[in-house]
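# Structural characterization, general
Listed below are the residues making up each chain.
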Amino acid sequence: MREQIKELLKPLILDEGIAFVAIYRIDGTPIFVDIKRRGVVDILHWLEEQVKILLYYLENGRLSEAEIKISSYRLFLQPLSKSLVLTVLADDTISIYKLRIDISTIRNEFLSHVRV
Amino acid sequence: MLKIPTGIFGLDELISGGFVKNTVNAVLGTVGCGKTIFSLQYLLQGIEDNQEAVYISFDLEVKDFLRIARSMGWKLEEKISDGLLKVGRFQVEDSFIDSELVKFITGKDMRIVIDSFTPLVASLETSRARNEVNWLYKTLRESGTALITVEEPFFGTAGKEVDVPLILADCVIQLKNVGYGEAYSRTLRVIKHRMSPHLNSVFPYSILEGVGLVVEEKRCEGFEVDLSDLPLSESTKEKLYRYCKDGILKPEEIQKIRRRLI
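Residues numbered from 1 in each chain as written. Chains lettered and ligands numbered in written order. Predicted model: local features only at pLDDT ≥ 70, side-chain atom pairs only at ≥ 80, totals over all residues. Heavy atoms only, no water.

### Some thoughts on the domain arrangement of chain B
Residues and elements named next belong to chain B. We count it as follows: Domain start and stop positions are those given by an automatic or database domain assignment. Here, residues are in contact when the closest pair of their heavy atoms is within 4.5 Å. Accessible area that two parts lose when put together, evaluated with a 1.4 Å probe and summed over both, is termed the buried area. Take a side-chain nitrogen of Lys or Arg and a carboxyl oxygen of Asp or Glu: if they are within 4 Å of each other, that pair is a salt bridge. N or O atoms within 3.5 Å of each other form a polar contact, as long as, within protein, one can give a hydrogen and the other can take it, and as long as residues adjacent in sequence are counted only when both atoms are side-chain atoms.
Splitting chain B by domain gives domain 1 (3–217) and domain 2 (218–262). Between domain 1 and domain 2, the C-alpha centre-to-centre distance is 25 Å. On the side of domain 2, 17 residues touch domain 1, which itself brings 19 residues to the contact. Summing both partners gives a buried area of about 1,600 Å² for domain 1 against domain 2, and 56% of it is carried by carbon and sulfur. The largest per-residue losses of area from domain 1 upon contact with domain 2 belong to F9, E209 and E217, which jointly make up 34% of the total buried on that side. Scanning the region where domain 1 abuts domain 2 turns up three salt bridges. There are nine residue pairs in polar contact (both at pLDDT 80 or more) connecting domain 1 and domain 2.

Structure, rendered in structure tokens:
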């Protein structure tokens, strides 16, 4: 399962402008995390609590997706299914247009994997 | 370190071969995550390995225990009458020392399950809880390898009845179920495993009738199997076919599932 997820997230993991890719379950449990830069660990710690709050709003349907700007990074939260949320931290070198397309493609492919 | 297989399909690979012998292992989880089924699989494995198996509950009568096993497709009545499995229901007491419970679990190389351990600790005075649990764990370790289930509160924060058993246990496995029925709705995580390495991650698992808990991780090359003779629902068979094809279950485990059902 983990390998399948890693394969699906490959376009994001290989992108130089992306500092980390994670999938959180709606209760805040990290299901998959790929961190590429040590420097973002501080941001990750800070984000842990913020992510839980955002996931709560995403679960309740008050937010359909979220985007946060933190210093030179942008954090994208995009629901993948009823219970899983994709989280991507990207620096300002990234093409946001390309990133949105990648995330959308991954979301569509992911849906066929999460239904049991 | 001597290890004993847990009986949970896919778990032994995550904890380097199984539970360390003569340890106390805790399964933590909220209502409905599969703690009792986990316990049953652990006992079934013990019976198949010729170990004396003991199940202790403060809630379930023997007939309730057998009913749960039967709902999974496992008939344990004969195991009890053959003396391979002892099932005991106890009243909660304010001290374990010299209690009937301790006499029930005294032996050598046993597989002991206490399901659930939470009422036992809840009845103890806070100041004595740690010492009492420590003493009981020592007795359990001397008698064999124990599995205790600990109830995680659905709402609110946990008290001593959760903290103390987990702090003193040699291994803690957390089961979680968020109830969305998707992949990763049910997850298993090894929080600690003293004296043995373990994998640090969150693993999806499922619960199937006639099978029990299956950790959904590839462990072998995929294979084809014929399950048409098994008394299982079509949806369960479909999942089993997929697990075999994806290498999540091994051929010998299919034989084990078959033996338990027939």
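### Observations regarding a nonpolar patch on the surface
Residues and elements named next belong to chain A. Applicable threshold: For patch detection, residues must exceed 30% relative accessible area and be free of salt bridges, and they are connected within 9 Å for like charges or within 5 Å for nonpolar side chains (Val, Leu, Ile, Met, Phe, Trp, Tyr). Working definition of accessibility: Shrake-Rupley area with a 1.4 Å probe, residue cover restricted to the visible protein chains. Numbering goes from the N terminus for both helices and strands, where a helix is a DSSP run of H or I of at least four residues and a strand is a run of E of at least two. A simple rule labels every residue: compare its accessible area, found with a 1.4 Å probe on the protein chains alone, to the largest value its type can have, and call it buried under 20%, exposed over 50%, or partly exposed in between.
Taken together, V33, I35 and V41 make up a surface patch of nonpolar side chains, about 190 Å² in accessible area. Secondary-structure assignment places V33 in strand β2 (residues 30–35). For V33, a relative accessible area of 32% puts it in the partly exposed group.

### As for unusual backbone geometry
Where the residue is not glycine, phi is negative for most of them; where a peptide bond is considered, it is trans in most cases. In this chain, D115 of chain B is followed by S116 of chain B through a cis amide linkage whose omega measures 5°. Positive phi is not limited to glycine here, since S71 of chain A has a value of about 40°. Checked against the element boundaries, S71 of chain A lands in the loop between β3 (66–70) and β4 (73–79). Positive phi, normally seen in glycine, also occurs at N50 of chain B, with a value near 60°. Along the polypeptide, N50 of chain B turns up in the loop between α1 (35–48) and β4 (52–57). On the basis of relative accessible area, N50 of chain B is assigned to the exposed category, the value being 73%.

### Concerning the interface of chain B and chain A
Opposite the 16 residues of chain B that make contact, chain A presents 17 residues. Carbon and sulfur atoms supply 54% of the area that chain B and chain A bury against each other, a total of about 1,500 Å² over both sides. Seen at the junction of chain B and chain A, the total is one salt bridge. One salt bridge connects K176 of chain B with D27 of chain A, and the closest N-O pair in it is separated by 3.2 Å. At the junction of chain B and chain A, the tally comes to four residue pairs in polar contact (both at pLDDT 80 or more). Considering every element that reaches the side of chain B that touches chain A, the biggest residue donor is strand β9 (residues 186–193) of chain B, with three residues.

### A look at the side chain of Q41 of chain B
Relative to the assigned elements, Q41 of chain B resides in helix α1. Residue contacts for Q41 of chain B: discarding those within four places in its chain leaves T6, G7, I8, F9, W74, V211, G212, L213 and R260 of chain B.

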